[in-house]
Amino acid sequence: QCFLPRCALHISLMFGVNYPNAKHTPLLSRANAPGIIVASGNMGYSHSTINDVFMSSDGGVEWDHVLDGSYHFQILDHGGLVVAARKGESTLNSSTLTMRGSRGTTRPSRTLKLTYMV
């Protein structure tokens with residue numbers, strides 16, 4: 001834990017270029033999803049190699065911590081859908097979909113039967 005004024009959100013921009021073994025996904029925004037930004041980062045006194053996922057829906061003015069750990073993420077449907085897959089895990093073995101409401105609130109998990117065509 002850290003406290004203001006020294007505590008800050010540290011977003012990973014080019015961190016993975018300098019530290020290739022770190023599991024950082026670059027900041028993501030889309031022109032067709034104005035205001036939505038998804039990024040890897042950490043809260044603390046300085047940048048860390050351990051990152052979580054943060055999301056902003058107002059162009060970066062306010063940020064919400066939405067996922068613990070390292071994820072690949074994508075913005076779809078003009079920002080109406082943001083998907084994430086945990087790094088290092090096989091998504092083909094996953095059958096649980098977790099939906100999140102606005103501002104990062106978690107809705108109940110729903111278990112879906114997924115069929116894959118290879």
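Q: Explanation requested: the overall build of the protein chain in the structure shown.
A: Secondary structure summary: the protein chain contains one helix and nine strands in total. Its helices and strands taken in sequence order, the protein chain reads β-α-β-β-β-β-β-β-β-β from the N to the C terminus. Out of the 118 residues in the protein chain, the part that is buried amounts to 27%. Residue pairs in contact within the protein chain that sit at least 24 positions apart in sequence constitute 40% of those at least 6 positions apart. Summing over all exposed atoms, the protein chain offers an accessible surface of approximately 8300 Å²; the carbon and sulfur share of this is 55%.

Q: Hey, could you run me through unusual backbone geometry in this one?
A: Backbone phi values are negative for most residues with the exception of glycine, while trans is the configuration of most peptide bonds. With a phi angle near 50°, aspartate 77 is a residue other than glycine that sits in the positive phi range. For aspartate 77, a relative accessible area of 58% puts it in the exposed group. One non-glycine residue, histidine 78, lies in positive phi territory at about 55°. Accessibility expressed as a relative area gives 57% for histidine 78, which makes it exposed.

Q: Would you take a moment to explain the packing of aromatic side chains for this structure?
A: Where two aromatic rings form a pair, the distance of their centres and the angle of their planes describe that pair. Under the criterion given, the structure shown has zero aromatic pairs. Positioned over the ring face of tyrosine 45 is arginine 6, at 4.8 Å from the centre of the ring.

Q: Looking at this structure, how should I read a nonpolar patch on the surface?
A: Together, Leu76, Leu81 and Val83 give the surface a local cluster of nonpolar side chains, amounting to about 220 Å² of exposed area. Assignment of secondary structure puts leucine 76 in strand 6 (residues 71-76). Residue classification places leucine 76 among the partly exposed residues on the basis of a relative accessible area of 36%.

Q: So what exactly am I meant to see when it comes to the pairing of strand 6 here?
A: On any regular strand, side chains alternate: one points to one face of the sheet, the next to the other face. The alternating pattern of strand 6 places Tyr71, Phe73 and Ile75 on a buried face, while none of His72, Gln74 and Leu76, on the opposite face, is buried. Across six bridges, the pairing between strand 6 and strand 7 (residues 81-86) is antiparallel. The residue bridging histidine 72 from the neighbouring strand is alanine 85, located in strand 7. In sequence, strand 6 turns back onto strand 7 through a hairpin of four residues, with aspartate 77 there showing a positive phi of about 50°.

What counts as what
Residues numbered from 1 in each chain as written. Predicted model: local features only at pLDDT ≥ 70, side-chain atom pairs only at ≥ 80, totals over all residues. Heavy atoms only, no water. Helix = DSSP H or I, 4+ residues; strand = E, 2+ residues; numbered from the N terminus. Buried < 20%, exposed > 50% of the residue type's maximum accessible area, 1.4 Å probe, protein only. Contact = heavy atoms within 4.5 Å. Areas by Shrake-Rupley, 256 points an atom, 1.4 Å probe, with all protein chains shown as cover. Phe/Tyr/Trp six-rings, centres within 6.5 Å; stacked < 30°, edge-to-face > 60°. Lys NZ or Arg CZ within 6 Å of the ring centre and 35° of its normal. Patch = residues over 30% accessible without salt bridge, like charges linked within 9 Å, V, L, I, M, F, W, Y side chains within 5 Å. Salt bridge = Lys/Arg side-chain N within 4 Å of Asp/Glu carboxyl O. Pairing = 2+ DSSP bridges.

What is shown is where atoms sit, not what they do.
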